[in-house]
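Now for the letters of each chain:
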Amino acid sequence: MSSDSRSGSAAGASGKAFKPFVADGARVAEFTPKAIILGAFFAVLFGAATVYLALRAGVTVSASIPIAVLAIAVFKQVGSTILENNIVQTIGSAGESVAAGIVFTVTGFLFLSPGAGGLEFFRYWPIMMLALAGGFLGVLMMIPLRRALIVQEHGNLTYPEGTACAEVLVAGEKGGAMARLVFNGLWAAMIYKAFNSVLGFFKEIPSYVTGRTAALPNATVNCEIVPEYLGVGYIIGPKVAGIMVSGSILGWMALTPLLSMFVSEQQLHAQLRSLSFTDAWIATHGLNEQFYRAYIRLIGAGAVAMAGIMSLARTLPTIWSSFRDSVKSLRKGAGAGSTRRTDRDIPINFVAIGSLALALAIALFMPGLPTHFPGSLLLAGLIILFGFFFVTVSSRIVGIIGTTSNPISGMTIATIMGTCMFFIAVGWAGHAYQTAALVIGAIVSTAAANAGATSQDLKTGFIVGATPWRQQVGFIIGVFVSAFAIGGTLFLMHTSPTFGPIGSDKLPAPQGTLMATLIQGILGQKLQWGFVFVGAGLAVAIQVMGISALAWAVGAYLPLSTTMPIFVGGVVRFIVERMTGREEQESEVSSGMLYSTGLVAGGSVAGVLIAALSIEWPRTNFKPLDWIQQHSGHLADRQGRFGDLIAVIVFAGLCYLLFRTARKKIEEFGS
């Protein structure tokens, strides 16, 4: 942590007035057109990348620091102020947080009971409306909490990502070196993906599967060797990456062989048909994949549900104390209209009017609610109530443990369970109300996710001396522009022949499946509880051992091909830390973290572009990706038994690039 940040924290703790980097009386360019336009571009870009990553791996990565670095680099030639760079990252990071809340919930519409009408709701405009409603709710509810949490608690709530982002902005003279690391990772990832996924020079998933009659039947070892997963593994570290892959190992190397010994193919196929899989699908997929779809995913969903509930139970004291302390601070101090530039929020009357307008808009125009106006006002009130509670909780918790550790899944589970119980209490049971429960969960999840990111950005602004109301307007702009891109990217990935549909092995969407499973179990009474309870029991056993059940459960649900490259990234970081003797924190600004961020961004953006290339052009039979692959030779198809080895060697080369970069300090890359 920089000396500026340390002195700020000390000052806050001792009660002295904190002095930001840009003084209150200074008149510095901040909310300029170029900052707004670049921030909006990054909101769309990182929103789309987050959709891709959340669908594929069930995780997201904070976007504030890479956007701040890129803003410094882009503006280096034309000139900019620290406050303009801060506005860019403020607007841009809104896209990542809104996308996370939406993808983790709305994909559940695809997995609800047939009579629930989820497929009809999984359309562009309803999803955009959910993104706007949740994003705006998170921003509006956070505005009156800013003074209580960011200012009055400055010495107590560190907001690790926000403080690290402020260090990046303050250290703008290092921008060249830091930006170079991000861009190096980004271009390495995009070039790698071009040779792998577009030109087909080497296999995407090296794998080994034992036979049906082997001593360990249908056991699978595979790894999707993509740069974005490698970067994610480095960022989350060896411990969490190891826990995740252990869940997948249990599913694919233990439970699948065990089930293969006792379940006949006839029983397996009957189970698949009961889950709506067609004979055509069964004929084109191996037995290991069939066992995963028939049993392992149900066990994984049960594990994720129980892990989320346990996470919520463990954090209930923190949630309650956070809510109580935040309300207490809000009563003490919010003061109405400060004349100081660095303490001026959007007026509270605008917040009240905006919240009322949002509630009316939800009640009048939000499709999927099970009752009409004025009865729908009750559900809108439920959304506002849950939203305010979990926005308050999320905003405080991220100040202690950071955005990445924020238990959004647990809060969403609590919202959905509370909503379903309310529906049952008023007689709204059955398929028709499943969609409404997910609508409420999606809005609250997005609001809580966006509030957590908003809190970090307001902390950054507090340290560098930004104008709060301008940041708050920036959040609204970021939510608005990213909402248009998020739905489009979802449908692009869903309809892409390369990746889609959502729910396939390449787009497993674990959180969305979990939300649908919960709703079906409570409202629809259509759930194979036996396998779900097996997963729940395994999650309890893991938690009792003192291991993070949520990380393990997500791994148990995801394919081994997804968690294995994440584990490899964690191993690279473990080796780097052992060789250099320095242990990195996730919010730390280091060469390895910045390069990994570039790998994640580059791989995710390339994935979205590849999905676009795989779509058939309107009124033609032309698919650009097919044409490219036909003319590239697609060497992976002609490598025979050496294909797996060649792919592993190439991926090892990418790992070495990450290792070599991470060993060095940022200063060694020049200015």
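Bear in mind that the values here come from a model prediction, so they are computed numbers and not experimental data.

### Considering the overall build of the protein
Here is step 1 of the chain: Looking only at helices and strands, the protein features 25 helices and two strands.
Here is step 2 of the chain: Out of the 671 residues in the protein, the part that is buried amounts to 59%.
Here is step 3 of the chain: Partitioning the intrachain contacts of the protein with sequence separation of at least 6 by distance along the chain shows that 83% fall at a separation of at least 24.
Here is step 4 of the chain: Total accessible area on the protein is roughly 25400 Å²; 66% of this is exposed by carbon and sulfur atoms.

### Comments concerning the confidence of the model for the protein
Here is step 1 of the chain: Across the protein, the average pLDDT comes to 81, with 86% of residues at or above 70.
Here is step 2 of the chain: When the criterion is pLDDT under 50, residues 1–15 qualifies, and its contacts beyond four places in sequence or with other chains add up to 15 contacts.

### Topic: the pattern of salt bridges
Here is step 1 of the chain: On inspection of all chains with the given rule, the structure shows 11 salt bridges.
Here is step 2 of the chain: Between Glu30 and Arg470 there is a salt bridge, and its shortest N-O distance comes to 3.2 Å. With Glu30 in the loop between helix H1 (3–14) and helix H2 (33–57) and Arg470 in helix H18 (residues 468–495), this residue pair connects regions lying 440 residues apart in the sequence.
Here is step 3 of the chain: Asp345 is the partner of Arg146 in a salt bridge, and the nearest nitrogen-oxygen pair spans 2.5 Å. Placement of Arg146 in helix H7 (residues 146–151) and of Asp345 in the loop between helix H13 (287–333) and helix H14 (348–365) is noted, with a sequence separation of 199 residues between them. For the pair Arg146 and Asp345, a shared accessibility class is recorded, and that class is buried.

### Regarding a nonpolar patch on the surface
Here is step 1 of the chain: A cluster of nonpolar residues, Leu356, Leu360, Leu364, Phe365 and Leu377, forms a patch on the protein surface that exposes about 480 Å² of accessible area.
Here is step 2 of the chain: The element contributing the most residues to the nonpolar patch is H14, with four residues.
Here is step 3 of the chain: Its location among the elements puts Leu377 in helix H15 (residues 376–401).

### Here we look at the environment of Phe21
Here is step 1 of the chain: Mapping Phe21 onto the fold places it in the loop between H1 and H2.
Here is step 2 of the chain: Relative accessible area serves as the criterion here: at 47%, Phe21 is assigned to the partly exposed category.
Here is step 3 of the chain: Note: C-alpha distance between Phe21 and Ile82 (61 residues apart in sequence) is 9.3 Å.
Here is step 4 of the chain: Those residues in contact with Phe21 that lie beyond four places of it in its chain are Ile82, Val170, Ile463, Val464 and Gly465.

### Here we look at the packing of H2 against H18
Here is step 1 of the chain: Contact pair H2 / H18: the axes reach a minimum separation of 8 Å and the direction vectors enclose 35°. Handedness of the H2/H18 crossing: right-handed. Of the residues in H18, those touching H2 at Ile36, Ala40, Ala43, Val44, Ala48, Val51, Tyr52 and Leu55 are Ile477, Gly478, Val481, Ser482, Ala485, Ile486, Thr489, Leu490 and Met493.
Here is step 2 of the chain: Classifying every residue of the contact of H2 with H18 gives 14 nonpolar, three polar and no charged.

### Side note on the packing of aromatic side chains
Here is step 1 of the chain: Evaluation of the coordinates by the stated rule reveals 15 aromatic pairs.
Here is step 2 of the chain: A ring pair is formed by Phe195 and Phe201, whose centres lie 5.2 Å apart and whose planes are at 55°; its orientation type is tilted.
Here is step 3 of the chain: Aromatic rings pair up to connect Phe41, Phe42 and Phe46 into one cluster.
Here is step 4 of the chain: Here the guanidinium or amino end of Lys34 rests over the ring plane of Phe75, the centre of that ring lying 5.3 Å away.

### Quick word on helix H23 (residues 591–613)
Here is step 1 of the chain: Compared with an ideal rise of 1.5 Å per residue, which puts 23 residues at 33 Å, H23 spans 32 Å between its outermost C-alpha atoms and is within 8% of the ideal.
Here is step 2 of the chain: H23 sits mainly inside the fold: 20 of its 23 residues count as buried.

### Some thoughts on the side chain of Thr562
Here is step 1 of the chain: Tracing the backbone through its elements, the reader meets Thr562 in helix H22 (residues 560–580).
Here is step 2 of the chain: In this view, Thr562 contacts Arg56, Ala57 and Tyr229; residues no more than four positions away in its chain are not counted.

### What about unusual backbone geometry?
Here is step 1 of the chain: For Asn218, which is not a glycine, the phi torsion comes out positive at approximately 60°.
Here is step 2 of the chain: Assignment of secondary structure puts Asn218 in the loop between strand S1 (207–209) and strand S2 (220–222).

### Some remarks on helix H10 (residues 227–262)
Three- or four-residue spacings in an α-helix give side chains the same orientation, since the helix completes a turn every 3.6 residues.
Here is step 1 of the chain: Taking 1.5 Å of rise per residue, the 36 residues of H10 would be expected to cover 52 Å, yet its terminal C-alpha atoms sit only 38 Å apart, more than 12% below that figure.
Here is step 2 of the chain: Its maximal kink placed at Gly237, H10 deviates by approximately 120°, while the proline Pro238 follows within four residues.

### Considering the packing of helix H4 (residues 82–106) against helix H6 (residues 124–142)
Helices that pack against each other are described as a pair by the angle of their axes relative to one another and the distance between those axes.
Here is step 1 of the chain: At a minimum axis distance of 10 Å, the contact between H4 and H6 shows a crossing angle of 130°. By the angle between their axes, H4 is oblique relative to H6. The chirality of how H4 crosses H6 is right-handed. Note on element contacts: H6 touches H4 through Ile127, Leu130, Ala131 and Gly135, opposite Val98, Ile102 and Val106.
Here is step 2 of the chain: Each residue belonging to the contact of H4 with H6 can be placed in one class, and the counts come to six nonpolar, one polar and no charged.

### As for the state of the cysteines
Here is step 1 of the chain: Following the criterion strictly, the structure yields zero disulfides and no others.
Here is step 2 of the chain: The structure places no disulfide on Cys655, whose sulfur is separated from the nearest cysteine sulfur, that of Cys223, by 8.3 Å.
Here is step 3 of the chain: With a relative accessible area of 12%, Cys655 lands in the buried category.

Rules behind the numbers
- Along each chain, residues carry numbers from 1 onward, in the same order as the chain's sequence is written.
- Only residues with pLDDT of at least 70 get local features here, since the model is predicted, and only at 80 or more are side-chain atom pairs given and counted; chain-wide, interface and lining totals rely on the full set of residues.
- Side-chain calculation: all heavy atoms of the structure are included, whereas hydrogens and water are not.
- Here a strand is any run of E in DSSP of at least two residues, a helix any run of H or I of at least four, and the numbering for each starts at the N terminus.
- A simple rule labels every residue: compare its accessible area, found with a 1.4 Å probe on the protein chains alone, to the largest value its type can have, and call it buried under 20%, exposed over 50%, or partly exposed in between.
- Whether two residues are in contact is decided by their heavy atoms: any pair within 4.5 Å suffices.
- Surface exposure here means Shrake-Rupley accessible area, sampled with a 1.4 Å probe, where a residue is shielded only by the protein chains that are shown.
- Think of pLDDT as the predictor's per-residue confidence, scored from 0 to 100.
- Salt bridge criterion: a side-chain nitrogen from Lys or Arg within 4 Å of a carboxyl oxygen from Asp or Glu.
- A patch is a set of surface residues, each over 30% in relative accessible area and not in a salt bridge, joined within 9 Å for like charges and within 5 Å for the nonpolar side chains Val, Leu, Ile, Met, Phe, Trp and Tyr.
- Throughout, an axis means a line fitted to C-alpha atoms (over the contacting stretch in the case of helices), and angles, computed between N-to-C directions, take values from 0 to 180 degrees.
- Each helix crossing is assigned a hand: it is left-handed if the near helix lies turned anticlockwise from the far helix by less than a right angle, otherwise right-handed if that turn is clockwise.
- Polarity classes work like this: nonpolar for Ala, Val, Leu, Ile, Met, Phe, Trp, Tyr, Cys and Pro, charged for Asp, Glu, Lys and Arg, and polar for all others, with Gly in that last group.
- Only Phe, Tyr and Trp rings take part, Trp by its six-membered ring, and two of them pair if their centres are within 6.5 Å. Stacked means planes under 30 degrees apart, edge-to-face means over 60, and tilted covers everything else.
- For a Lys NZ or an Arg CZ to count as sitting over a ring, it must be within 6 Å of the ring centre and within 35 degrees of the ring normal.
- Here a helix's expected span is defined as the number of its residues, less one, multiplied by 1.5 Å.
- In this scheme, the bend at a residue equals the angle between the axes fitted to the seven residues that finish there and the seven that begin there.
- When an angle is under 35 degrees it counts as roughly parallel; over 145 it counts as roughly antiparallel; between 65 and 115 it counts as roughly perpendicular; any other value is oblique.
- In what follows, a disulfide is any cysteine sulfur pair within 2.5 Å.

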